[in-house]
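Below are the chains, spelled out letter by letter.
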Amino acid sequence: MATVLLAVGAALVVGLWYLWRASSRLRRLHAGLERAWGETERALEARDKALQGFLSSLSSLGLVPQGRRALEEALQGLGRARGEGPRAIAEADERLKLALRAVYGGLPRQRPPALREAQNLLAEAEDELDLARRRYNELVVDWNMLFCRRTYRRLATRLGLPPREPYLLPGEEVEFARRRGPPF
């Protein structure tokens, strides 16, 4: 009888330890996700500011009027997508990239210094956004992989922590996870 109680007590302690460990892991990962998304939002704001500077340079030089309008519309679409979540932002980013390609295609080979400076600032902002976006997506993949496990899914539901949406286009998530390798 004592052996049975000891075994049940040990199983209970191990089970509680496992739940505590899983809960701690979820909370740490959730905090990391929140930080990573904050960094991504700051990078998005920096890119928006760089895009505004680029548009301003294009306007002051009178270059690529049709491309400039398309770029302004894409930038407005990006602003609207911000309230809809990371996937919507990724889709708006694609439209923005198409508009930027059209603008770059219409620029003269010899660019004025102000335009080159605006392009450099935009390129730096894009690089920072790519880094922040990758960091966020790596954590989202880890988070969503935990949701595949029943214990973590139930704990997250109990703690009010939902699955997260990656900052990727719908078809890119599987490829991103595959390239990244196993999460744990």
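Here the structure is shown first, and the text comes after it.
Here goes a summary of the coordinates provided.

About the thresholds
- Residues numbered from 1 in each chain as written.
- Predicted model: local features only at pLDDT ≥ 70, side-chain atom pairs only at ≥ 80, totals over all residues.
- Heavy atoms only, no water.
- Axes fitted to C-alpha atoms, helices over the stretch in contact; angles between N-to-C directions.
- Helix = DSSP H or I, 4+ residues; strand = E, 2+ residues; numbered from the N terminus.
- Parallel < 35°, antiparallel > 145°, perpendicular 65-115°, else oblique.
- Left-handed = near helix turned anticlockwise from the far one by under 90°.
- Contact = heavy atoms within 4.5 Å.
- Nonpolar A, V, L, I, M, F, W, Y, C, P; charged D, E, K, R; others polar.
- Buried < 20%, exposed > 50% of the residue type's maximum accessible area, 1.4 Å probe, protein only.
- Arc of directions from axis to C-beta.
- Core = buried A, V, L, I, M, F, W, Y, C linked by side-chain atoms within 4.5 Å.
- Patch = residues over 30% accessible without salt bridge, like charges linked within 9 Å, V, L, I, M, F, W, Y side chains within 5 Å.
- Areas by Shrake-Rupley, 256 points an atom, 1.4 Å probe, with all protein chains shown as cover.
- Salt bridge = Lys/Arg side-chain N within 4 Å of Asp/Glu carboxyl O.
- Lys, Arg positive; Asp, Glu negative; His and termini not counted.
- Charge placed at Lys NZ, Arg CZ, Asp CG, Glu CD.

**A closer look at the packing of helix α1 (residues 2–61) against helix α5 (residues 150–159)**
With their axes 10 Å apart at the nearest point, α1 and α5 run at an angle of 65° to one another. When the interaxial angle is binned, α1 and α5 end up roughly perpendicular. Crossing geometry of α1 relative to α5 is assigned as right-handed. On the side of α1, the interface is formed by Tyr 18, Leu 19, Ala 22, Ser 23, Arg 25, Leu 26 and Arg 27, while α5 contributes Thr 151, Tyr 152, Leu 155, Ala 156 and Leu 159. Residues that form the contact of α1 with α5 fall into these classes: eight nonpolar, two polar and two charged.

**So, α5**
Tyr 152, Leu 155 and Ala 156 are the residues of α5 that are buried. Take α5 and look down its axis: the buried residues cluster within an arc of 100°, on one side only. Exposed positions of α5 whose direction lies more than 90 degrees from the buried face are Arg 150, Arg 154, Thr 157 and Arg 158. Looking at the packing, one finds that the buried side of α5 touches α1 and α4 (113–146). Phi turns positive, to about 75°, at Gly 160, one or two residues after α5.

**Thoughts on the nonpolar core**
Formed by 46 residues in total, the largest nonpolar core has its most connected members in Leu 26, Phe 54, Leu 71 and Tyr 167. Elements with a minimum of two residues in this core: α1, α2 (65–81), α3 (86–106), α4 and α5. Examining the composition of this core, we find that 13 residues originate from one element, α1, more than from any other. The contact partners of Phe 54, leaving out residues within four places of it in the chain, are Leu 71, Leu 100, Val 103, Tyr 104, Leu 107, Leu 115, Ala 118, Gln 119 and Leu 122.

**Some points on a nonpolar patch on the surface**
Where nonpolar side chains cluster on the molecular surface, the patch consists of Leu 12, Leu 16, Trp 17, Tyr 18, Leu 19 and Trp 20 and spans about 670 Å² of accessible area. Relative to the assigned elements, Leu 16 resides in helix α1. Judged by relative accessible area, Leu 16 falls into the exposed class, the value being 52%.

**Points about a negative patch on the surface**
Taken together, the side chains of Glu 124, Asp 127, Glu 128 and Asp 130 present a region of like negative charge at the surface. Examined against the element boundaries, Asp 130 turns out to sit in helix α4.

**Here's the deal with the pattern of salt bridges**
The tally for this structure, following the rule as stated, stands at six salt bridges. When the shortest N-O distance is used, the salt bridge between Asp 48 and Arg 82 registers 2.7 Å. With Asp 48 in helix α1 and Arg 82 in the loop between α2 and α3, the pair connects residues that are 34 residues apart, well separated along the chain. For Asp 48, a relative accessible area of 18% gives the class buried. When its relative accessible area of 29% is taken as the criterion, Arg 82 is described as partly exposed. Between Glu 138 and Arg 134 there is a salt bridge, with its nearest N and O atoms 3.4 Å apart. In this pair, Glu 138 and Arg 134 both sit in helix α4, four residues apart, roughly one turn of the helix.

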